[in-house]
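Chain residues, written in single-letter form:
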Amino acid sequence: MTRILAIISLLFLFNYSAPLIEQKLDHTDKVQAIDKIQSEVNIPEIMSAIGQIFAQVEQLLKQLNLNLEELPKTPKKEEPIEKIELQTPDKQLFSISNIELGQTKEQIEMNVGAAKRSSLNEYGSDWYAYHNNYHNFFMVMFDENNKASGVYTDQDLISSTNGIKRGSPKDEVHTILGNPLKQIQKGRYVYQFEEDRDYDVYLQDNAYVTIFYDKHEGNTVTAMQMIRKDIEDKKADFYTKASPELKEGFEYQMFDLTNAARVNHQLPVLTWDDHVRETARKHSSDMAVNDYFDHTNLKGQSPFDRMKQDDIIFRLAGENLAYGQFSSIFAHEGLMNSLGHRENILREGYRYLGVGVAFNNESHPYYTENFYAK
């Protein structure tokens, strides 16, 4: 495509410069020579042909929905991001980005600046996402007194008094902390954790600490979530009642988590796309309403069929689905431990992502992630 545009530019340069050159020359034998050349090669006919060629190429460009702004550009070189110097926690076993539960929002933002986004989470509060273009990414939840009641990261921001950090082996965590919880009680109900899971839950410092492991990186610590016990106890059920605000919150959280994971693997961040978000939402809704879970819908349409039907132009595309997890964090961590889904999250060629969430009658969330590149 670049070569075609270069040829067109040369032809136009010749077309518009020839008369100017002729005006600059004296009316001498040189002019006669130009006249002779023009008469022999019939310049007007050539220019007419060039005009027709240009019109055809221009029409082709329109049909391909391409323009100069969409041509590949040299990516800007990112400035190095300063790594946060982690400190040993003062009052608790763990801290994330030097933040301990109970710190005020004012204290936190004095050090890291304002949040990039806030979105509703499963606790009826907001996750505030802090990062520098998804480097040094973490999320904080605040209580009614603007004190940190929850915090999460999937980057190298975990500090502890016992040496556990991102990259610590699972066996080492068990040796230091002992056996994890097998169940958690909510009111009259006891919820049993699955035996085959990629995370452990501990009750430490009056908080539930969830440690996520990456089985593709030797079962090492990959992320951590800390939720104050009183906040977890107030949550009546594992699945929060569905609402439009929670749907949007889960969508944006999945998007942010995906970009944070890509930065961990030195990949470019993705751009949010509202258009493909609607495609993803429709598929999640279809699965929730009709009680199925599959990339191919009941009409036999693949993800690519659905994207084409919604007039999304792509040269590369993929889809991730998740169901049953009670938050965007657990859904994302589960996808990262599933090889095919992980490959989609970490595929270098993608440029855009839209996430669509829908809930069934029991408020179980269905997640659809649609990735693509033009």
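Residues numbered from 1 in each chain as written. Predicted model: local features only at pLDDT ≥ 70, side-chain atom pairs only at ≥ 80, totals over all residues. Heavy atoms only, no water.

An unreviewed UniProt entry lists the protein under the name Serine protease, from Neobacillus rhizophilus.

Focus: the overall build of the protein
Check the secondary structure of the protein and you find eleven helices and 15 strands. Within the protein, the proportion of its 374 residues that are buried is 44%. When the accessible surface of the protein is totalled, it reaches about 20,700 Å², and 50% of it is carbon and sulfur. (Helix = DSSP H or I, 4+ residues; strand = E, 2+ residues; numbered from the N terminus. Buried < 20%, exposed > 50% of the residue type's maximum accessible area, 1.4 Å probe, protein only. Areas by Shrake-Rupley, 256 points an atom, 1.4 Å probe, with all protein chains shown as cover.)

A short note on the sheet that holds strand 12 (residues 271–272)
Within the open sheet, the four strands sit side by side as 12-14-15-13. Their pairing is mixed. Whereas interior strands pair on both sides, the edge strands pair on one side only; in this sheet they are strand 12 and strand 13 (316–323). Direction of pairing for strand 14 (residues 352–359) relative to strand 15 (residues 365–373): antiparallel, over a ladder of eight bridges. Within strand 15, the position partnered with tyrosine 352 by the bridge is tyrosine 372. Packed onto the sheet, helix 8 (residues 274–290) meets strand 12, strand 13, strand 14 and strand 15 and runs at close to 30 degrees relative to strand 14. Sheet strands touched by helix 10 (residues 328–336): strand 13 and strand 15. Its angle to strand 13, the strand with the most contacts, is close to 120 degrees. (Pairing = 2+ DSSP bridges. Contact = heavy atoms within 4.5 Å. Axes fitted to C-alpha atoms, helices over the stretch in contact; angles between N-to-C directions.)

Some details on the environment of tyrosine 366
Mapped onto the secondary structure, tyrosine 366 falls in strand 15. Between the alpha carbons of tyrosine 366 and alanine 322 there is a distance of 6.0 Å; along the sequence they are 44 residues apart. Apart from the residues lying within four places of it in its own chain, the contact partners of tyrosine 366 are Ser284, Met287, Ala288, Asp291, Tyr292, Phe293, Ala322, Tyr323, Gly356, Val357, Ala358 and Asn360.

Side note on the layout of surface pockets
Estimates place the volume of the second largest pocket at around 590 Å³. Taken together, 27 residues form the lining of the second largest pocket, with Glu194, Arg197, Tyr199, Gln325 and Phe330 sitting closest to its centre. At the level of elements, strand 8 (189–192), strand 10 (207–214), strand 13 and helix 10 are the ones that each hand at least two residues to the lining of the second largest pocket. For the lining of the second largest pocket, the element with the most residues is helix 10, which contributes four residues. Each residue belonging to the lining of the second largest pocket can be placed in one class, and the counts come to 14 nonpolar, seven polar and six charged. (1 Å grid on protein atoms, 1.4 Å probe; cavity = no way out; pocket = protein on both sides within 12 Å on 5 of 7 lines; lining within 4 Å. Points joined across faces, edges and corners; volume = space filled by probe spheres on them. Nonpolar A, V, L, I, M, F, W, Y, C, P; charged D, E, K, R; others polar.)

Concerning the packing of aromatic side chains
Taken as a whole and judged by the stated rule, the model has 21 aromatic pairs. Pairing phenylalanine 255 with tryptophan 272 gives two aromatic rings, centres 5.2 Å apart and planes at 85 degrees, and the pair type is edge-to-face. One end of the pair, phenylalanine 255, is in helix 7 (residues 244–264); the other, tryptophan 272, is in strand 12, and 17 residues separate them in sequence. For the pair shown, phenylalanine 255 and tryptophan 272 are each scored as buried. Centroid distance tyrosine 350 to phenylalanine 371: 5.2 Å. Interplanar angle 20 degrees. Geometry classified as stacked. (Phe/Tyr/Trp six-rings, centres within 6.5 Å; stacked < 30°, edge-to-face > 60°.)

Comments concerning the nonpolar core
In this structure, Phe137, Met139 and Tyr152 are the most contacted members of the largest nonpolar core, which totals 47 residues. Sort the elements by how many residues they give to this core and helix 7 lands first, with nine residues. Residue contacts for tyrosine 152: discarding those within four places in its chain leaves Ile96, Trp127, Phe137, Phe138, Met139, Phe212, Ala223, Met224, Gln225, Leu257, Ile329 and Glu333. Judged by nonpolar contacts, the second largest core, of 25 residues, contains Phe94, Tyr130, Phe142 and Val151. (Core = buried A, V, L, I, M, F, W, Y, C linked by side-chain atoms within 4.5 Å.)

A closer look at the packing of helix 7 against helix 10
Their axes nearest at 9 Å, the elements helix 7 and helix 10 cross at an angle of 40 degrees. Comparing their axes, helix 10 and helix 7 come out oblique. Relative to helix 10, helix 7 is oriented so that their crossing is right-handed. The residues of helix 10 that touch helix 7, namely those facing Phe250, Gln253, Met254, Leu257, Thr258 and Ala261, are Ser328, Ile329, Ala331, His332, Leu335 and Met336. Residue classes in the contact of helix 7 with helix 10 are distributed as eight nonpolar, four polar and no charged. (Parallel < 35°, antiparallel > 145°, perpendicular 65-115°, else oblique. Left-handed = near helix turned anticlockwise from the far one by under 90°.)

Comments concerning the pairing of strand 13
As a general feature of sheets, a regular strand has side chains that alternate between the two faces. The buried fraction of strand 13 amounts to six of the eight residues, a majority that puts the element mostly inside the structure. Note that strand 13 and strand 15 share eight bridges and pair antiparallel. Looking at strand 15, one finds that alanine 322 is bridged to tyrosine 367.

Let's talk about empty space enclosed by the protein
In this structure the tally under the stated criterion is three cavities of 30 Å³ or more. Taken as a whole, the largest cavity holds about 170 Å³ of empty space. Here the lining of the largest cavity is built from residues that sort into ten nonpolar, two polar and three charged. Forming the walls of the second largest cavity are Asp154, Arg166, Tyr213, Asp214, Thr222, Ala261, Asn264, His265, His332, Glu333, Met336 and Asn337. Of all the secondary-structure elements, those providing two or more residues to the lining of the second largest cavity are strand 10, helix 7 and helix 10. In terms of residues, the lining of the second largest cavity owes the most to one element, helix 10, which gives three residues. Its residues assigned to classes, the lining of the second largest cavity shows three nonpolar, five polar and four charged.

Here's the deal with the pattern of salt bridges
Tallied over the full model, the rule gives 15 salt bridges. Among the salt bridges present, the one from glutamate 217 reaches arginine 342, with a minimum N-O distance of 3.7 Å. In this pair, glutamate 217 is assigned in the loop between strand 10 and strand 11 (220–228) and arginine 342 in helix 11 (residues 339–345), connecting sequence segments 125 residues apart. The shortest N-O distance in the salt bridge between arginine 277 and aspartate 274 comes to 3.1 Å. (Salt bridge = Lys/Arg side-chain N within 4 Å of Asp/Glu carboxyl O.)

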